[in-house]
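An overview of the molecular structure
Letter by letter, the chains look like this.
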Amino acid sequence: MSYEKERLFFLYIDLSDGEIEMNETQAMMKHIQQALENEPRINPHRYPVKVSVVQDSVVMEGEVADIAAKKLALQAASAIVGTRGVVDRLSVAPCERRGDGAIRISLANFLLNTNELRNCAIRGMSNSKLETLREAPPENGGSIDFEVKGGIVTLYGTVISLSHKRIAEVLAWWTPGCCNVVNSLNVVPSEEDTDYEVIDAVRLVLEMDPFVQPEQIDVKCSNYVVTLEGYVRTADEGRRAELDAWYVFAVTRVINNLELLS
């Protein structure tokens, strides 16, 4: 075989491999879009989700209706054969649009006035400086630091339990104007996470929510799938309780079996 023919042969092989790779990528993206359309909570026709592939990772961008749609969309992409990683750039449509300053003030009030976090130092980033809002008391529960940029709340610092980590994230999600939460809080000493830890956290969050009466709500969890059973006064209260469970860090699915009081 001449040099020119040999070179053309390898160019042909390289091109074919590229076409195969492109076809596999296109097929994977098509399967992901189909999975999104099959999940009614995501509703991609009303809330379009952009799916692309960058360096073998699936990138998901767009605004979704709520935390349930966000988590379900990420899970749908992760479950598709060929997906090697998912980059989360999804935001949740806030109940109201607010500036970062207003979000920062509301979140600070939540953190400072939540009894479960009373032993934590609270510090907020303002004008590129970390401002101490409360020093840690003698019974030091760690430090919760936060920053708000473009409606995204980032939590960092060190806390003493998974419950503290989970409560701080739920408070961030509850803050009007928040569209996403990045929870980078470290737990020291480290704790083993279990279904019982998740159950305790969900129960605590339901007790903290002034719009939910948790007395008749039973919480179960198996492998980070939470099931809510029992009774609520209104459909809105049932939806609120479900979203509270979705907000809890590491929860992957919520089964809402709550019934209305007759």
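The notes below deal with the structure included here. No experiment lies behind these values; they were computed from the predicted model shown.

Attention now moves to the overall build of the protein. For the protein, the count of helices and strands is six helices and 11 strands. Taken over the C-alpha atoms alone, the protein extends approximately 80 × 50 × 35 Å along its principal axes. Going through the 262 residues of the protein one by one, you find that 42% of them count as buried. Excluding contacts between residues fewer than 6 apart, the proportion of contacts in the protein whose partners are at least 24 apart in sequence is 60%. Looking at the protein, you have 26 positive and 39 negative side-chain charges, and the mean spots of the two groups are 4 Å apart.

Within the open sheet, the five strands sit side by side as E5-E4-E6-E7-E8. Their pairing is mixed. Unpaired on one side and paired on the other, strand E5 (129-134) and strand E8 (180-187) mark the two borders of the sheet. Each adjacent strand pair in this sheet contributes to an overall mean axis angle of 20°, direction not counted. The pairing of strand E4 (residues 121-126) with E5 spans five bridges and is classified as antiparallel. Bridge pairing links Arg 123 to Thr 132 in E5. Contacts from helix H3 (residues 100-113) reach E4, E5, strand E6 (142-149) and strand E7 (152-159), with the element oriented near 160° to E6.

The two faces of the sheet receive side chains in turn, since in a regular strand these alternate between them. In this structure, strand E10 (residues 225-232) lies alongside strand E11 (residues 253-260), joined through eight bridges in parallel fashion. Bridging across to E11, Thr 227 finds its partner in Ile 255. For the segment spanning E10, helix H6 (residues 235-247) and E11, crossover handedness is right-handed.

Next up on the list: the pattern of salt bridges. Taken as a whole and judged by the stated rule, the model has 12 salt bridges. Residue Lys 149 is joined to Glu 147 by a salt bridge in which the shortest nitrogen-to-oxygen separation is 3.6 Å. Exposure remark for Lys 149: the relative accessible area of 58% places this residue in the exposed category. One salt bridge connects Arg 233 with Glu 237, and the closest N-O pair in it is separated by 2.8 Å. Taken together, the shared-partner salt bridges in this structure form one network comprising Arg 41, Asp 66 and Glu 242.

What counts, and where the lines are drawn
Residues numbered from 1 in each chain as written. Predicted model: local features only at pLDDT ≥ 70, side-chain atom pairs only at ≥ 80, totals over all residues. Heavy atoms only, no water. Helix = DSSP H or I, 4+ residues; strand = E, 2+ residues; numbered from the N terminus. Buried < 20%, exposed > 50% of the residue type's maximum accessible area, 1.4 Å probe, protein only. Contact = heavy atoms within 4.5 Å. Lys, Arg positive; Asp, Glu negative; His and termini not counted. Charge placed at Lys NZ, Arg CZ, Asp CG, Glu CD. Pairing = 2+ DSSP bridges. Axes fitted to C-alpha atoms, helices over the stretch in contact; angles between N-to-C directions. Right-handed = clockwise from strand over helix to strand, strands pointing away. Salt bridge = Lys/Arg side-chain N within 4 Å of Asp/Glu carboxyl O.

Scope: geometric values only; no functional claims are made or implied.
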